[in-house]
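# Descriptive structure summary
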Amino acid sequence: MAPTQFPKSKTSDDGIGKEANEIELEIEEEQLSQECKKLILNLPREKGWRTPYLYLYQGFWCQPTEILAISTFQKHFQAKDTDVLIATVPKSGTTWLKALTFATLKRNYYSPASGNHPLLESNPHNLVPFFEYTLYSTKENVPDLSDLSEPRIFGTHVPFASLPNSIVKDTKTKIVYICRNPFDTFVSSWFFTNKIKPASSPELPIEEAFDLYCKGVVGYGPFWDHMLGYWKESIERPNKVLFLKYEDLKEDVNLQLKRVAMFLDCPFTLEEENCGVVESIVKLCSFENMKELEVNKKGTFGRNFENKFLFRKGEIGDWVNYFTPSMVEKLTKVMEEKFCGSGLSFRLHLDSVVSKAETGIK
Ligand SMILES: Nc1ncnc2c1ncn2[C@@H]1O[C@H](COP(=O)(O)OS(=O)(=O)O)[C@@H](OP(=O)(O)O)[C@H]1O
């Protein structure tokens, strides 16, 4: 069976050959002036990481084209009880979690050990589309999603508080959320930003990106509000939201995958476990496997971004190679202040990457 095809955004169809950021700037100018200006004009704004500005929309920072898409998504999306939503902080394991969830939920259609699994031919973002980058990426693009095979699996970076009631209240849609320690998330975001910028634009200096990040000014940030929104909901409604951390998946992905399957009411049977189904899914979705696939070396996703930029190092603790002691101190302080009393914390796996003395962490 061919992998599910989702309606493509107008921009990715029209924009082949152009650099993603150029396309974004064009859309920003064209669409903003026609459709979005009134909405955006009065919003607070700050310098963007890769577009001129990020705007504070419904309490989170995003680009004008994203605001347009998100408001269309909020207005038009009709959830179903069987839907599954992969919600994530950007650069925290979205691609990985989408792959794992797709392979798990569709395992009766596509054997994870088979040589023609859709994940061998398509990037996870093309199998599990983002609301804001693919499905509702232009105002004209209000897709009919009612015929997609169930369970439908979607992705989003939208904070919990801005998800439509159709998802949050009116249906039994399940939400699987993943985030990652902010140190590594920052480094991954900074690299990605500089990779996808047009060659003609200057690099965003790490110091500048870091100051914005610590102020909360980053796509879909502040990161602490994003994490706490889903964290609190996962505690209040554990059957609605499953809260995962990238570090826990790295530590024991088999265990976390079984938690995901259980949460989604499709636990692995004893027979499946004995036959190695869990291991096959884990192997199929592993960084090493996915990075080497032709589709992930050459293909594109969303607004014509290259798939290869989604697979960088896939490690915990790469931040030690980029953080100065003062950066460590500043972000640690931000996290202590914002997460204090919430019960949410992150292991930085310091001992496995560097001696504490070298980073200046006490
Ligand atoms: N399969 C798999 N396993 C483990 N880690 C993986 C995997 N796929 C991607 N990655 C790493 O995840 C980082 C990219 O994050 P996202 O997938 O959330 O990016 S995005 O928000 O969808 O653009 C990015 O992290 P960094 O390497 O630290 O930059 C990727 O390398």
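All figures in this text were calculated on a predicted structure; none of them were measured in a lab.

Analysis parameters
Residues numbered from 1 in each chain as written. Predicted model: local features only at pLDDT ≥ 70, side-chain atom pairs only at ≥ 80, totals over all residues. Heavy atoms only, no water. Pairing = 2+ DSSP bridges. Helix = DSSP H or I, 4+ residues; strand = E, 2+ residues; numbered from the N terminus. Axes fitted to C-alpha atoms, helices over the stretch in contact; angles between N-to-C directions. Contact = heavy atoms within 4.5 Å. 1 Å grid on protein atoms, 1.4 Å probe; cavity = no way out; pocket = protein on both sides within 12 Å on 5 of 7 lines; lining within 4 Å. Points joined across faces, edges and corners; volume = space filled by probe spheres on them. pLDDT = per-residue confidence, 0-100. Expected span 1.5 Å × (residues − 1). Buried < 20%, exposed > 50% of the residue type's maximum accessible area, 1.4 Å probe, protein only. Arc of directions from axis to C-beta.

### Some remarks on the sheet that holds strand β5 (residues 153–156)
- With parallel pairing, four strands are arranged side by side in an open sheet as β5-β4-β6-β7. Here the strands that pair on one side only, and so sit at the sheet edges, are β5 and β7 (241–245). On average, each strand axis in the sheet is tilted by 20 degrees relative to the strand beside it, whichever way the strands run.
- Taken together, the five bridges between strand β6 (residues 174–179) and β7 define a ladder with parallel strand orientation. Along β7, the bridge assignment pairs Tyr177 with Phe243.
- Relative to β7, helix α10 (residues 223–236) is tilted by about 130 degrees, and along the sheet it contacts β4 (84–88), β5, β6 and β7.
- Along the sheet, helix α12 (residues 253–263) makes contact with β6 and β7, crossing β7 at roughly 170 degrees.

### Section: empty space enclosed by the protein
- With the rule as written, the count across this model stands at two cavities of 30 Å³ or more.
- In this model, the second largest cavity occupies a volume close to 30 Å³.
- Lining the second largest cavity we find Leu97, Leu100, Leu249, Val253, Gln256, Leu257 and Val260.
- Of all the secondary structure elements, the ones that give two or more residues to the lining of the second largest cavity are α4 (94–105) and α12.

### Some details on the confidence of the model for the protein chain
- For the protein chain, the average pLDDT comes to 88, and 85% of its residues sit at 70 or higher.
- Confidence drops under a pLDDT of 50 for residues 1–20, and excluding neighbours within four residues, the segment shows 49 contacts in the predicted structure.
- Predicted confidence is poor over residues 355–362, with pLDDT under 50, and the contacts of this stretch with residues over four places away or in other chains come to 12 contacts.
- Reported confidence for the predicted complex is 1.00 by ipTM and 0.90 by pTM.

### Description of helix α17 (residues 325–339)
- Here α17 is 15 residues long and its end C-alpha atoms lie 21 Å apart, about the 21 Å a rise of 1.5 Å per residue gives.
- Every buried residue of α17 is accounted for by Met327, Val328, Leu331, Val334, Met335 and Phe339. End-on view of α17: buried residues confined to an arc of 135 degrees, all on one side of the axis. Exposed positions of α17 whose direction lies more than 90 degrees from the buried face are Ser326, Glu329, Lys333, Glu336 and Glu337.
- Gly341 occupies a position one or two residues after α17 and carries a positive phi of about 80 degrees.

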